[in-house]
Every structure is written in C-alpha cells, then in structure tokens.
Amino acid sequence: EPDPGNVPPRKLVHWRGRIPGYTHIANANVATIVVPTMDTTRLTFLIDLLAARRKPVMLVGNAGSAKTTIFNDKLAQLPDDVMSFTINFNSYTDASSLQAILEQPLEKKTGSMFGPPGTKRLVYCIDDVYMPTPDKYGTQSAVELLRQQVDYGGFYDLKKLTMKTIENVQYMGCMNPTAGSFAIIDRMQRHFATFACPFPDGEVLKTIYLSILQGHLANFDPEVGKLAENIVGATLALHRDVADSFLPTAVKFHYQWNLRELSAVTQGLCLAQPDYFTDQLPLARLWLHEVHRVYGDRLTNEQDMGRFGEILARIGRNW
C-alpha cells in the first residue's frame, strides 16, 4: 500500500476554471436561458451538493437576480427517480389553500402515510416564500404549515384531525429580502442552507447577453452579426442611465429596473429572422423599438419621456 504521507495534494481549481461552456438553444425563451457565470457555477455546485443529501436550500436576492431561473434549470436536470413540483406563493396564500396544493402530487401509501408516486423522491420548489400576508399575530400560516411538515414529518387531515405523514419530500425556496414581509420565521429559516444570489456586475451582464445575442445571430449575414457587441453595450448603458435617472417614488413605484428589462429587450431581438434582417439598419431599428417598448412605455409623463429621449439620443450617438 502507498505511504499516505507521499500522496500528492489535490490540485485546487478556481471557480473560473469550472465554468461550463454555453451552447445556444434556438427559439428558447430568454428568461429560461442560463448562461454559466462564476456565481451560477458556485451556486449550482452547492445546490447539487446539498439537494443530493436532501437538505433544504434557499436562494435570497433582489428581484431579477435569476433565483428562479437557476432553480428551474436545476429542476429540469433532475434524474428520473426525482420529480419536482413548483409552488408560487402570493399575498393571499394561506395554510388551507397551501395544504391542498401540497397534496396534489402525493398518493396514499399505507394508512396515514403519503408520498410521491412509486419510489420517486419529490422536490417542492417554493417561489417567493416571503409573500404570504401575516395575520394579526404576525404569523404567516402557509410558512407555518411548511414548518410543521419539516419539523414533524407531516400535517393534519382537516376532516379526520389525524396526522398525515409525508415521506420522500424535500424543499427548495427563493426569497426577496426587500419585498413582501421581508423575512420568514426563524424556526423555518433555520432548516434551509441559505445563499445570496448577487446581482451580476457589468462585465458579467455583457458576457450573458452577448452570448445569447451572438448565438441567435450566428445564422445571420456576418455584417449583421457584427452588431451584437454594439447592441449589448448600448443596452447596458441605457439600462444603467435609466436606473440612475428614473428612481421609484410613492407615485412612480413601478420604476423598478432589473434583469427582467434586459431580458425583455434581448427576447425581442431574438425574434428577428435572418430572411428579413439582411443588413444592420433593420436590426438597429428593432433595438430602438424594443427599448421604447420595455423602458419608454413604463414612463408616466412628458417630462420623463423627454429625458428618456435625450438618454437614448446620447447613447445612439456614441454607438
């Protein structure tokens, strides 16, 4: 047997060396596309590590930070013996309505024991865990029902008032700490391995949207394809200036700018077809149309529209 003292140390690889390559999927919705970055690589590695050991995982981040997209991408890659069930919480979700939803994918095993069909394992993906409105005691009954299932392995039959044991289930969750009730009860939060989902910086955003747009324009005329970098740069500059210039107020509470706007512009550009966009000018006009649709249509008065026009003209000149 080899001497343990002579075993060479394992070579550590930086996360940059673990980032997988991106393969463009034609006609895919941009909101469902995951372009691998260092942050997504780290998060998916940790999710895989914990989910395989049936540990609950939660991603926490602001709106548009791709929490749901990362989870959906992982759920789509689950093995055959694991099924998923996504539940979207809202302000009206309560314990009684949630219990009926939780029971939908389950089947009766023996007596009071329930579980997913056959020998499968079930992953509940809870989106917007923070959303249920607290009652007058400050309790979110839907979250408390989940906690009861995690703590005691089940919940009560509302008619027979006997305990229903739930087996072979686990949870994943997403939460926005700046909206809804801002947090959930600590006794539930403690069960989750919680990870921050940061907003990508400028270089990462450029890599993401340039990969998508270049993948879509690969079959276009080469001169049209050359426009991808200019379009992505102009879109990011416009997004940054709009976010700095049009801040949310009590009246303009909808002035919220995040990755969803960038994805919406890119999705519109990805509807272009090579038969109709044979040179650069039509694609530039399509970009103008999309930014007006995504950003301009959200503005509420002539003054804001004028400022938006000035920003767009300045970025267009630099382009």
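Scroll up to find the structure this text is about.
In this text the structure is predicted, and so the values were computed from the model without any measurement.

Enquirer: So what exactly am I meant to see when it comes to the overall build of the chain here?
Expert: When its secondary structure is counted, the chain shows 11 helices and nine strands. Dimensions of the chain, computed from C-alpha atoms along their principal axes, come out at roughly 70 × 70 × 40 Å. When burial is assessed residue by residue, the chain has 40% of its 319 residues classed as buried. Long-range pairs, those at least 24 residues apart, make up 70% of the contacts in the chain between residues at least 6 apart in sequence. Accessible area of the chain: about 17,800 Å², with a carbon and sulfur share of 54%. Across the chain, the centroid of the 32 positively charged side chains sits 5 Å from that of the 33 negatively charged ones.

Enquirer: Where do I start with the sheet that holds strand β4 (residues 113-115) in this structure?
Expert: Across a sheet, strands are paired by hydrogen bonds formed along the backbone, either parallel or antiparallel in direction. With respect to topology, four strands assemble into an open sheet ordered β3-β4-β7-β6, the strand pairing being mixed. Of all strands in the sheet, those with a lone pairing partner are β3 (107-110) and β6 (154-156), marking the two edges. Put simply, the sheet's adjacent strands are angled 35° from each other on average, direction ignored. Note that β3 and β4 share three bridges and pair antiparallel. Residue pairing for β4: Thr 110 is matched across the bridge by Met 113. Packed onto the sheet, helix α4 (residues 141-152) meets β6 and β7 (163-166) and runs at close to 125° relative to β6.

Enquirer: Can you walk me through the pattern of salt bridges in this structure?
Expert: It is possible for side chains bearing opposite charge to pair when their charged atoms get close. Evaluation of the coordinates by the stated rule reveals 15 salt bridges. Notably, a salt bridge pairs Asp 151 with Arg 190, separated by 3.4 Å at the nearest N-O pair. In this pair, Asp 151 sits in helix α4 while Arg 190 sits in the loop between α5 (186-189) and β9 (193-196), placing the two residues 39 residues apart along the sequence. Its relative accessible area of 57% is what places Arg 190 among the exposed residues.

Enquirer: Looking at this structure, how should I read the nonpolar core?
Expert: The nonpolar side chains of soluble globular proteins are, as a tendency, buried together. In this structure, Leu 238, Leu 283, Trp 287 and Tyr 295 are the most contacted members of the largest nonpolar core, which totals 42 residues. Residue assignment for this core shows that the elements contributing at least two residues are α6 (202-216), α8 (228-245), α9 (259-269), α10 (280-294) and α11 (302-318). When residues of this core are assigned to their parent elements, the largest contribution, eight residues, is made by α8. Core analysis: the next-biggest nonpolar cluster, separate from the first, contains 26 residues, Val 60, Leu 106, Val 129 and Phe 155 among them.

Enquirer: Which parts of the structure should I look at to understand the pairing of β7?
Expert: Along β7, the buried face is formed by Lys 164 and Ile 166; none of Met 163 and Thr 165, which line the opposite face, is buried. Pairing geometry for β4 and β7, over two bridges, is parallel. Its bridge partner lying in β7, Phe 114 is registered against Ile 166.

Enquirer: Whenever I open this one, unusual backbone geometry confuses me. Can you help?
Expert: Negative phi is the rule for most residues except glycine; trans is the rule for most peptide bonds. A positive phi angle, near 60°, is found at Asp 128, a position not held by glycine. Mapping Asp 128 onto the fold places it in the loop between β5 (121-127) and α4. Looking at Asp 128, the relative accessible area reads 25%, which means it is partly exposed. The phi torsion at Leu 161 lies on the positive side, around 60°, for a residue other than glycine. The exposed category is assigned to Leu 161, whose relative accessible area is 63%.

Enquirer: For this particular structure, what's the right way to read the packing of aromatic side chains?
Expert: Aromatic ring pairs are defined here through the distance separating the ring centres and the angle between the ring planes. Applying the stated criterion to the full structure yields six aromatic pairs. Here the aromatic rings of Trp 15 and Phe 45 are separated by 5.4 Å at their centres, their planes lie at 70°, and the arrangement is edge-to-face. On the criterion of sequence distance, the pair formed by Trp 15 in the segment before α1 (38-51) and Phe 45 in helix α1 is long-range, its members being 30 residues apart. For Trp 15, a relative accessible area of 25% translates into the label partly exposed. Judged by centre distance (6.1 Å) and plane angle (85°), the rings of Phe 246 and Tyr 255 are edge-to-face. A network of ring pairs unites the aromatic residues Phe 246, Tyr 255, Trp 257 and Tyr 295 as a single cluster. The ring of Phe 114 is capped by Lys 164, whose NZ or CZ atom sits 5.0 Å from the centre of that ring.

Quick notes on the rules
Residues numbered from 1 in each chain as written. Predicted model: local features only at pLDDT ≥ 70, side-chain atom pairs only at ≥ 80, totals over all residues. Heavy atoms only, no water. Helix = DSSP H or I, 4+ residues; strand = E, 2+ residues; numbered from the N terminus. Buried < 20%, exposed > 50% of the residue type's maximum accessible area, 1.4 Å probe, protein only. Contact = heavy atoms within 4.5 Å. Areas by Shrake-Rupley, 256 points an atom, 1.4 Å probe, with all protein chains shown as cover. Lys, Arg positive; Asp, Glu negative; His and termini not counted. Charge placed at Lys NZ, Arg CZ, Asp CG, Glu CD. Pairing = 2+ DSSP bridges. Axes fitted to C-alpha atoms, helices over the stretch in contact; angles between N-to-C directions. Salt bridge = Lys/Arg side-chain N within 4 Å of Asp/Glu carboxyl O. Core = buried A, V, L, I, M, F, W, Y, C linked by side-chain atoms within 4.5 Å. Phe/Tyr/Trp six-rings, centres within 6.5 Å; stacked < 30°, edge-to-face > 60°. Lys NZ or Arg CZ within 6 Å of the ring centre and 35° of its normal.

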